[in-house]
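What follows is each chain in one-letter form.
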Amino acid sequence: MEQQDLQCSMQAVEQSCAALHVSDPGIRSSAEATLLAFRKSPHPFYACQYILENSQVATAKFLAAATIQEAAIREWTLISPEEKSRLRSYCLQYVMARVETSEGYILSKILSVVAALLKRGWLEYTQAEKASFLEEVEQAVAGRHGLAAQRFGISLLEALVSEFSLSTASPMGLPAEFHDKCRASLEAGYLQKFYAWAFDASVMVASKALEGQGENQESAICTIAIRLMTQILNWEFRGKLAVLGKSRASTLSSSPASRKSSEQLQLWHDLLVSPAKVTWILNFYEHIHQKGNAWLDLPLSVVVRQLIVLMCSLNGSIFPTDGAGTQEQHLQRLLNCIISWIDPPEYVISAVLAGTSESEMLDGCRALLAIATLCSPSSFDQLLLSFRQTGTLSLLSSLTCGIIKASCVRESEEPSWTYEALEVLLETWTVILQPADLSQKVPLPPSGIEAASAVFQTFVEFEMKLSESSALDEDDADDMAAFSDEAREDRLSAVALIARTVPSVSLSLLTMLVSKCFSEIRQSLGSETTTRCLEQLHWLTILSGHVLADPGEGETPTVPESILAVSAEPATHPAVSLSFALIDVAQQSLDATFRTTLSPRMMEAIVWFFGRWVETYLMPDHAGRGPSSTPSGHEGQGVSVGVLFDGRNALNAAFGKDGGGPAVLEILVRVALTSLTAWRGEQVLQEYVSSRLLPALVRRRNVCVQLLSMGSWQELATVFARQDQMLLSLSDSVQRALSGCLCRSAQGLANADAANHYVKDLLMPMAASLAEFSGRKDLATFSQQPNVIHQVSCVLERLRGAARETIPRTQKAIFEVGVSIMKPLLVFMEIYKNQPSVVYLLLKYVVVWVDAEVVFLEPKDTTTVFNFCVQLLSVYSAHNIGKVSVSTSRSLQNEAQTEKYKDLRALLQLLTNLSSKDLFDFALHADENPDVAQVVYLGLNIITPLISADLLKYPKLCRQYFTLLMHMLEVYPEKVAKISPEGFSQIIGTLEFGLRQQDVEVVNMTLSALGALGVFQYQALCKGDDGLGAQSRTSGGDDVLSHFLKLLMHFLLFEDYSNDLVEPAADALLPLILCNTALFEKLKQELVQRHQDVESQERVSTAFHSLSRGIEIASTIDRSIRRKFRSNLFVFLNDLRGFLRTR
């Protein structure tokens, strides 16, 4: 290019870079187009070099560097080897000439360009060419060409390691296999060398780096050298060597392997854990540490500490198999240095509070966590005992206690470093007390018991002070979130784990404090003391709940083992004492006078506590085992007074059916009833009662038996059944949950007749009120009154809650209630057509009711249910309720507006429920057989016009739709051939939409639906039937299944997806291939012909042959063929995906 052309190009780029910052979108758009054209221009290397050397605009220089990389990768096969070498040399010389300038980020970009160019040609270069280049880099890193070259050499190695790592590699449009080969090559032959070079470079400049204030060139070189070492330790090693650098415990290991891998392990051992090298790093940091606070946050100090923390994580075969002695010596060596960062804790924390940097102390905490991950509690404790009188657990305890005290200092805001340090230390305690592999769990040594006790007592002491000081704060930002917030929950769970290590001490302390607070509240009613004590009691209640019981989410909660291990009589067992202390508080809340003293927040804590406590402790199923065990013949057998009680017997005597259980149950039911009726407007409290406490009470049958005999429960049921205004004022969710709990308790009755009678007594009065309303002559005006709408809504919510808790012995009653209100519901659907909220509640009730009843229905009742649903759908369709166009309402992009489609989701769920049970096969008379598929497809025809691609972008609606579609195509594929062309086209369009989704669940269901469609067509072809018939081709004449075969092959070979989708994809792909083997062969040939070299062609051809191996043409696709094809597909993708995909 001529000089004038180069100048014009530079000016155009500079002006466009400047125009990116103007406010005029037209100018910005034009500038972007100019820059994009420059980046895409052919052979722009001379223009880029001219810009780099002459431009004064940093953005233009950065763009020029990026363009060199992009163009070189794009035109790699067109560039001669000489020009490639010239480009690389130019970039290296450019950086060398300016290494001491302020163009830091531009030089970094150019180094990354060099790294990308090297990687692009890495597999083409001979070993000698690689060795020659890296020898020059080694000389630079070794300082033979001066400090500037040394800094440049190390930075180049950083760029190389970053480029060759899979997670940070630049896109090159090459197969993923190429990137993996480059990674493996660097890992096997060069990473060790790079680490050694970086270590030697840091040793060379270390003494000078410590001079001055760490701002000289040697300090910068030492910093980047050690940063390179940490980068290599964080490398994701694969194959026979595996360093899990991103996990808490880094593992450098190998299988019993080849001689070469053993030699590599020995080299890594010499580099990373040899005493001489480790000691040098530790001594180097010790010199930094002695320079004081001014050095702690310098980049050099930070990277050295990061390296030391990473060294604490080394594990595995890098250590000789000498009974872990070498590893223990390695950890002792590291800990001997790290201890100066955190010990003595009081001095270190005081210094940080006074203004010293906290970074060193935080890294010390992280190092303790890394070490604890690798050790048993006793070996962790022994690490310090080798050179001092107290163990590591004692140090951990003192440090944790000190951080707790510092975090409770009341300032304008909590110091962030104390929060972070406490999280790391509590995680360390969790790792020690509850390792990820529970088979490795071992008891704490005696010193650890004392250490844990000190931590718990300190935590309680200072949290109590914090609660007291915050009691009168007007800004109660935490509110109930104090124990529902995830971070606070994690902290309390970790502290509870520590408390359970010393249950006698921790539970006794909590009991004493609860009793003390409660006593002071009673003695100082209405004063500031009451407020402070209530705040403390609130916190103690939450902590007690965490210590005594696990949440039990998804599993049956049991009493913690350490609490069961405490042997004592019931009256003195610490868990019994603490529980009764809080039961006393709950009982006093029933007193109207005392209740005025309690805050709603305190009541919420009480209800939350017992919702968690009940399932673990109250009325265990039998005396001899844990509270959740299977009943046995020992139920009711007590233990003689004076005999030493083990934990189970003591707890059962205190809270079992034949002990204090019924009395406690009576109190809790009274608390629930009072919370619902006396605390009006306290929605959070009422939600906790209905969603936590009551469900816990009715979950077990033996408790329900006791409940139904209690006057308090009968009172609650009576108030509910007569639709008392006190309960009708509760929120919809509370109404629903309360109804479900009352109906669920029927499992405690002796037989199904009694249970059905009980449920009918609860629900029939409400059903009668709906029937009465629907029959009024003035219904058109009467129904629109706010109080009537409210009552109808409440009744629908109650009926929905009852239906949701259907069990076999109450099914009949709930079915009869539903049948009795079918006509009223149709009337209400008509009359409330302009009240979307009522329509939605009505639809949700029907959805839940059908879902609960469909598995129980007798054939004679099936037609009744189906006819009702068809009528309901028809009424809905007639009024077009819920039909909202996304294109006409931008506000629907808002998640809150998505609720306008909840009625549509409900209808889809109703159709899914209807299709889930084939009852017509058991009908007594053919003319009574309800055609389930016909009913569901009728429903689909009604609501399909409302479904669009825009609506399917909403996750809940999308999942519900594909759930239904998958079921229908799996069970009734023959119906597909009979529906209208428009309906079939709609289904095909949504299947293609589903295949392109990011939601794994949606894609899975789409694949299942495709597989079902393919199997139906294949079996029809084998039998000589029409199968899909005319539906098998689109209006344009294309074969539908062939279209999906192409889509699915492209999806599997070239797109990103979860490995969980491979099996369902195999089940979908197999019938599609069998339906169109000619197209499959054509797709194979197209992929083969994409490659010019014979080796690649043979590889593709062999992979396709292996995919179809063992798959024989048969009239059915049985399980063995599916299994074989799944296995073939895994091998096929493993062979081709990395080879064909580019990045």
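Quick caveat, the model's predicted, so the values are computed rather than measured.

Conventions and cut-offs
Residues numbered from 1 in each chain as written. Predicted model: local features only at pLDDT ≥ 70, side-chain atom pairs only at ≥ 80, totals over all residues. Heavy atoms only, no water. Helix = DSSP H or I, 4+ residues; strand = E, 2+ residues; numbered from the N terminus. Buried < 20%, exposed > 50% of the residue type's maximum accessible area, 1.4 Å probe, protein only. Contact = heavy atoms within 4.5 Å. Areas by Shrake-Rupley, 256 points an atom, 1.4 Å probe, with all protein chains shown as cover. Axes fitted to C-alpha atoms, helices over the stretch in contact; angles between N-to-C directions. Parallel < 35°, antiparallel > 145°, perpendicular 65-115°, else oblique. Left-handed = near helix turned anticlockwise from the far one by under 90°. Phe/Tyr/Trp six-rings, centres within 6.5 Å; stacked < 30°, edge-to-face > 60°. Lys NZ or Arg CZ within 6 Å of the ring centre and 35° of its normal. Nonpolar A, V, L, I, M, F, W, Y, C, P; charged D, E, K, R; others polar. Expected span 1.5 Å × (residues − 1). Polar contact = N/O pair within 3.5 Å; in protein donor to acceptor, adjacent residues only side chain to side chain. Patch = residues over 30% accessible without salt bridge, like charges linked within 9 Å, V, L, I, M, F, W, Y side chains within 5 Å. Salt bridge = Lys/Arg side-chain N within 4 Å of Asp/Glu carboxyl O. Lys, Arg positive; Asp, Glu negative; His and termini not counted. Charge placed at Lys NZ, Arg CZ, Asp CG, Glu CD. pLDDT = per-residue confidence, 0-100. Disulfide = S-S within 2.5 Å. Core = buried A, V, L, I, M, F, W, Y, C linked by side-chain atoms within 4.5 Å.

**Focus: the overall build of the chain**
Phase 1: Across its full length, the chain carries 54 helices and two strands.
Phase 2: Buried residues in the chain amount to 54% of all 1143 residues.
Phase 3: For the chain, the proportion of contacts with a sequence separation of at least 24, taken over those separated by at least 6, is 74%.
Phase 4: For the chain, the exposed surface amounts to about 49300 Å²; the carbon and sulfur share of it is 50%.

**Let's talk about the packing of helix α17 (residues 345-353) against helix α20 (residues 392-407)**
Phase 1: The N-to-C vectors of α17 and α20 enclose an angle of 30 degrees; their axes lie 9 Å apart at closest approach. When the axes of α17 and α20 are compared, the pair comes out roughly parallel. The hand of the α17/α20 crossing is right-handed. Between α17 and α20, the contacting residues are P345, I349 and L353 on the first element and L395, S398, L399, G402, I403 and A406 on the second.

**Quick look at the packing of aromatic side chains**
Phase 1: Scanning the entire structure with this criterion turns up 25 aromatic pairs.
Phase 2: Ring centres of F609 and F610 lie 4.9 Å apart, and the angle between their planes is 85 degrees; this geometry places the pair in the edge-to-face category. Take F609 and F610: they sit in the same class, and that class is buried.
Phase 3: Each member of the aromatic cluster is reached from another via a ring pair, and the members are F580, F609, F610, W613, Y617 and F655.
Phase 4: Over the aromatic face of F462 sits the side chain of K465, whose NZ or CZ is 4.8 Å from the ring centroid.

**Here we look at the packing of helix α47 (residues 955-971) against helix α49 (residues 1000-1023)**
Phase 1: Interhelical geometry of α47 versus α49 gives an angle of 20 degrees and a closest axis separation of 8 Å. The orientation of α47 with respect to α49, classified from their angle, is roughly parallel. Helix-helix and strand crossings are classified by hand; for α47 and α49 the assignment is left-handed. The segment α47 lies against α49, with C958, R959, F962, T963, M966, L969 and E970 engaging E1001, V1002, M1005, T1006, S1008, A1009, A1012 and L1013.
Phase 2: Per-class residue counts for the contact of α47 with α49 are nine nonpolar, three polar and three charged.

**A word on α49**
Phase 1: Taking 1.5 Å of rise per residue, the 24 residues of α49 would be expected to cover 34 Å, and the 35 Å separating its terminal C-alpha atoms lies within 8% of that figure.
Phase 2: Among the residues of α49, the N-terminal cap falls to D999, whose side-chain oxygen and the backbone nitrogen of E1001 are separated by 2.9 Å.

**Overview of a negative patch on the surface**
Phase 1: Taken together, the side chains of E135, E136, E138 and D200 make up a negatively charged region of the molecular surface.
Phase 2: Broken down by element, the negative patch gets its largest block of residues, three residues, from helix α7 (residues 127-141).
Phase 3: Assignment of secondary structure puts E135 in helix α7.

**Topic: the environment of D732**
Phase 1: With respect to the element layout, D732 can be found in helix α37 (residues 732-744).
Phase 2: As for D732 and H790, which are separated by 58 residues in sequence, their C-alpha atoms are 9.8 Å apart.
Phase 3: Beyond its immediate sequence surroundings of up to four residues, D732 is in contact with E797 and L841.

**As for the environment of L964**
Phase 1: Along the polypeptide, L964 turns up in helix α47.
Phase 2: Residue class for L964 comes out buried when judged on its relative accessible area of 1%.
Phase 3: Distance in space between the C-alpha atoms of L964 and N913 is 8.7 Å, their sequence separation being 51 residues.
Phase 4: Beyond its immediate chain neighbours, meaning those up to four positions away, L964 contacts L908, L911, T912, S915, V936 and L940.

**Points about the confidence of the model for the chain**
Phase 1: Overall, the predicted model of the chain reaches an average pLDDT of 86, with 88% of residues at or above 70.
Phase 2: Predicted confidence is poor over residues 476-484, with pLDDT under 50, and the contacts of this stretch with residues over four places away or in other chains come to 14 contacts.
Phase 3: The model gives residues 882-897 a pLDDT under 50, and that stretch makes 21 contacts with residues more than four places away or in other chains.

**Observations regarding the pattern of salt bridges**
Think of it this way: side chains of opposite charge can pair up when their charged atoms draw near.
Phase 1: Per the stated rule, a full pass over the model turns up 38 salt bridges.
Phase 2: Between E816 and K760 there is a salt bridge, with the nearest N and O atoms lying 2.6 Å from each other. Remark: K760 occurs in helix α38 (residues 752-774) and E816 occurs in helix α41 (residues 811-820); sequence separation between them is 56 residues.
Phase 3: Using a relative accessible area of 26% as the deciding quantity, one classes E816 as partly exposed.
Phase 4: Among the charged side chains, a salt-bridge network with shared partners connects R39, K40, E70, R74 and E75.

**Side note on the state of the cysteines**
A covalent bond bridging the sulfur atoms of two cysteines is what the word disulfide describes.
Phase 1: Evaluated as defined, the whole model comprises zero disulfides.
Phase 2: Of the cysteine sulfurs around C312, a residue in no disulfide, the closest is that of C337, at 9.0 Å.

**Quick look at the nonpolar core**
Looking at soluble globular proteins, one finds that nonpolar side chains tend to be buried together.
Phase 1: Ranked by size, the top nonpolar core spans 387 residues in total, and within it F194, W613 and W713 carry the most contacts.
Phase 2: With sequence-adjacent residues up to four places away left out, F194 is seen in contact with L134, L157, L160, V161, L186, L228 and I232.

**So, the side chain of T458**
Phase 1: As for its placement among the helices and strands, T458 is situated in helix α22 (residues 446-470).
Phase 2: In this view, T458 contacts C401, I404 and K405; residues no more than four positions away in its chain are not counted.

**Description of unusual backbone geometry**
Phase 1: In this chain, D343 is followed by P344 through a cis amide linkage whose omega measures -5 degrees.
Phase 2: A positive phi angle is found at H43, which is not glycine, with a value near 50 degrees.
Phase 3: Within the secondary structure layout, H43 lies in the loop between α2 (25-40) and α3 (45-54).
Phase 4: Using a relative accessible area of 32% as the deciding quantity, one classes H43 as partly exposed.

**Section: the environment of A650**
Phase 1: Tracing the sequence through the fold places A650 in helix α31 (residues 647-655).
Phase 2: Taking relative accessible area as the criterion, A650 reaches 0% and is therefore assigned buried.
Phase 3: Note: C-alpha distance between A650 and P570 (80 residues apart in sequence) is 4.5 Å.

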